Amino acid sequence: MKRVFILSAFIAVFCFATTATAAMKIKLGVVTKPGSAQNIVAEKFKELIEQRSKGDITVKIYHSKAIGNETEILQQIQMGTVQMGVITGGPFDTFDPVVRVINYPFLFSGHEQADKVLDGPLGQEILKSLESSGFKGLCFSENGFRNLTNNKKAVKTPEDISGLKIRVMSSALHKTIWQTLGANPTPMPWPIYTELEQGVIDGQENPLWVMEVYKFYEIQKYMTMTRHVYSPHIDVASLMWWNTLRPDTQKMVQTAMYDAAVFQRKDNRDRNAARLKMLREKGMAIEDAPDLNAFRAKVAPLRDMDLYKDARVHALLLKMLD
Ligand code: PAF
């Protein structure tokens, strides 16, 4: 099995090494469907890189689980059989726990602060650190601030969450956050509409665009503006592949992805007010002012938990919380 893995990775990289200076095709994976935050970044990147390389570089976007869930996309990126991805922080943390630092609850108070930190030296240090796990972190676009929805009851305080079966991403951090808040967290890969509809789970947590694009207003009555985690996407490339590219090609890819990320962050934020209005009109009961101090207090012990005990991760968390 290991030999097959090494051989397929070698073939994938060899094919790229021989074509990196001529016409080049990039396979880019996202788990969600067209119209999603991830697809908007991917499509913008495709447009920019194809234009700027005058067609020498082309991008094929594999969306809607065409090449698997986010964990499976990351495995293929590590092997070099998929070159790039736009991936949420959650599933990434099983590949590299450093990602838990940027998904720490209530880390950022707003978009401006998130951009400043993630585009700044600390964000770059985190991206660089992913190289030890076989990834070339390019930049951060955004999924957005995550909010809780459920179909059982209005939630204003952590006590209201007690016992709710909440779907979480396949991530030790996200599972622990919801355990600490008193829920019954259930890790599940995307998508989850059927499970919500059938009542296998009571709720979930995601940014506003998800409630719109995946029509969760049809099956979730209550939403609480918890904004508990700012969820960046990590716009990532296979390190094996990256190392086969000429420096000028690397620069072109890096710049096009960053420009796509800046475009998408603004686009996402510009649409949030209209999304909230629409979700209300569709009949969702939205709690705008939950007791966030109580939520913050509940998750405060996380920083001292095993999740952050790795020395590299702990040092970065302390810098981040500083
Ligand atoms: O909850 C998730 O799994 C992610 O936030 C999603 C919706 C796939 C977007 O990346």
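Structure first, text after, so check above.
Residues numbered from 1 in each chain as written. Predicted model: local features only at pLDDT ≥ 70, side-chain atom pairs only at ≥ 80, totals over all residues. Heavy atoms only, no water.

1. Details of the pattern of salt bridges
Keep this limit in mind: The term salt bridge refers to a pairing of a side-chain nitrogen on Lys or Arg with a carboxyl oxygen on Asp or Glu at a separation within 4 Å. Helix and strand labels come from DSSP, where a helix needs a run of H or I of at least four residues and a strand needs a run of E of at least two; each type is numbered from the N terminus. Buried residues are those whose accessible area, probed at 1.4 Å on protein chains only, stays under 20% of the maximum for their type, while exposed residues exceed 50% and partly exposed ones sit between those limits.
According to the stated counting rule, one finds 21 salt bridges in the structure shown. Ionic pairing is found between Arg-52 and Asp-259, a salt bridge with its closest N-O pair at 2.9 Å. Residue Arg-52 is found in helix α2 (residues 37-52), and its partner Asp-259 is found in helix α12 (residues 247-270); the two are separated by 207 residues along the sequence. Residue classification places Arg-52 among the partly exposed positions, given a relative accessible area of 35%. Here Asp-267 and Arg-271 are joined by a salt bridge, their closest N and O atoms 2.9 Å apart. Counted as one network, the salt bridges with shared partners bring together Asp-115, Asp-119, Glu-142, Arg-265 and Arg-269.

2. Structural notes on empty space enclosed by the protein
Rules: The distinction between a cavity and a pocket rests on a 1 Å grid over the protein atoms alone: a 1.4 Å probe fits inside a cavity but cannot get out, while a pocket stays open yet meets protein on both sides within 12 Å along at least five of seven lines, and a residue with an atom within 4 Å of a point counts as lining. Grid points are joined across faces, edges and corners, and a volume is the space filled by probe spheres set on the points.
Summed over the entire model, instances satisfying the criterion amount to 1 cavity of 30 Å³ or more. Computed from the structure, the largest cavity encloses a volume of approximately 30 Å³. Around the largest cavity, the lining residues are Ala-114, Asp-115, Leu-118, Phe-140, Ser-141, Tyr-230 and Arg-265. Contributions of two or more residues to the lining of the largest cavity are made by α6 (111-119) and β4 (135-145). With 3 residues, the top contributor of residues to the lining of the largest cavity is α6.

3. Re the packing of aromatic side chains
Operational definition: Classification of ring pairs rests on two measures: the distance between centres of Phe, Tyr or Trp rings, Trp counted by its six-membered ring, which must be within 6.5 Å, and the angle between planes, read as stacked under 30 degrees, edge-to-face over 60 and tilted in between. Sitting over a ring, as applied to charges here, requires NZ of Lys or CZ of Arg to be within 6 Å of the ring centre and within 35 degrees of the ring normal.
Going through the model one piece at a time under the given rule, you end up with 11 aromatic pairs. Relative to Phe-216, the ring of Trp-190 has its centre 5.9 Å away and its plane inclined at 50 degrees; by these criteria the two rings are tilted. Of this pair, Trp-190 sits in the loop between β7 (184-187) and α9 (193-197) while Phe-216 sits in the loop between α10 (208-213) and β9 (222-224); the two residues are 26 residues apart in sequence, bridging distant segments of the chain. A single burial state applies to Trp-190 and to Phe-216, both of which are buried. Taking the centre distance of 6.4 Å and the plane angle of 55 degrees together, the rings of Trp-209 and Tyr-214 count as tilted. The same class applies to Trp-209 as to Tyr-214, namely buried. An aromatic cluster is built from Trp-190, Tyr-193, Trp-209, Tyr-214 and Phe-216, whose rings are joined through pairwise contacts. Positioned above the aromatic ring of Tyr-214, the side-chain terminus of Lys-33 is 4.6 Å from the ring centre. A cation sits over an aromatic face here: Lys-60 above Tyr-62, 5.1 Å from the ring centre.

4. Considerations on the sheet that holds strand β10 (residues 230-238)
Short version of the rule: Paired strands are those between which DSSP finds at least two bridges. Geometry is summarised by axes, namely lines fitted to C-alpha atoms with helices restricted to the contacting stretch, and by angles between N-to-C directions that run from 0 to 180 degrees. In what follows, residue pairs with any heavy atoms lying within 4.5 Å of each other are defined as contacts.
Here we have 5 strands laid out as an open sheet, ordered β2-β1-β3-β10-β4, and mixed in their pairing. At either margin of the open sheet sits one strand with a lone partner, and together these are β2 (57-62) and β4. Each strand of the sheet is rotated relative to its neighbour by a mean of 20 degrees, with strand direction disregarded. Where strand β3 (residues 84-88) and β10 come together, 5 bridges link them in antiparallel fashion. Across the sheet, Val-86 pairs through a bridge with Asp-235, a residue of β10. The sheet strands contacting α2 are β1 (24-29), β2, β3, β4 and β10, and the helix crosses β2 at an angle near 165 degrees. Of the strands in this sheet, β1, β3, β4 and β10 are in contact with helix α3 (residues 70-79), which crosses β3 at around 145 degrees.

5. Re the layout of surface pockets
For clarity, the cut-off: Throughout this entry, Asp, Glu, Lys and Arg are counted as charged residues, while Ala, Val, Leu, Ile, Met, Phe, Trp, Tyr, Cys and Pro are counted as nonpolar. The remaining residues, Gly among them, count as polar.
One number sums up the size of the largest pocket: a volume of about 210 Å³. The wall of the largest pocket is formed by 19 residues, among which Val-31, Glu-70, Thr-88, Arg-167 and Trp-190 lie closest to the centre. Contributions of two or more residues to the lining of the largest pocket are made by α3 and α10. Per-class residue counts for the lining of the largest pocket are 8 nonpolar, 8 polar and 3 charged.

Any functional reading would require information beyond the geometric quantities listed.
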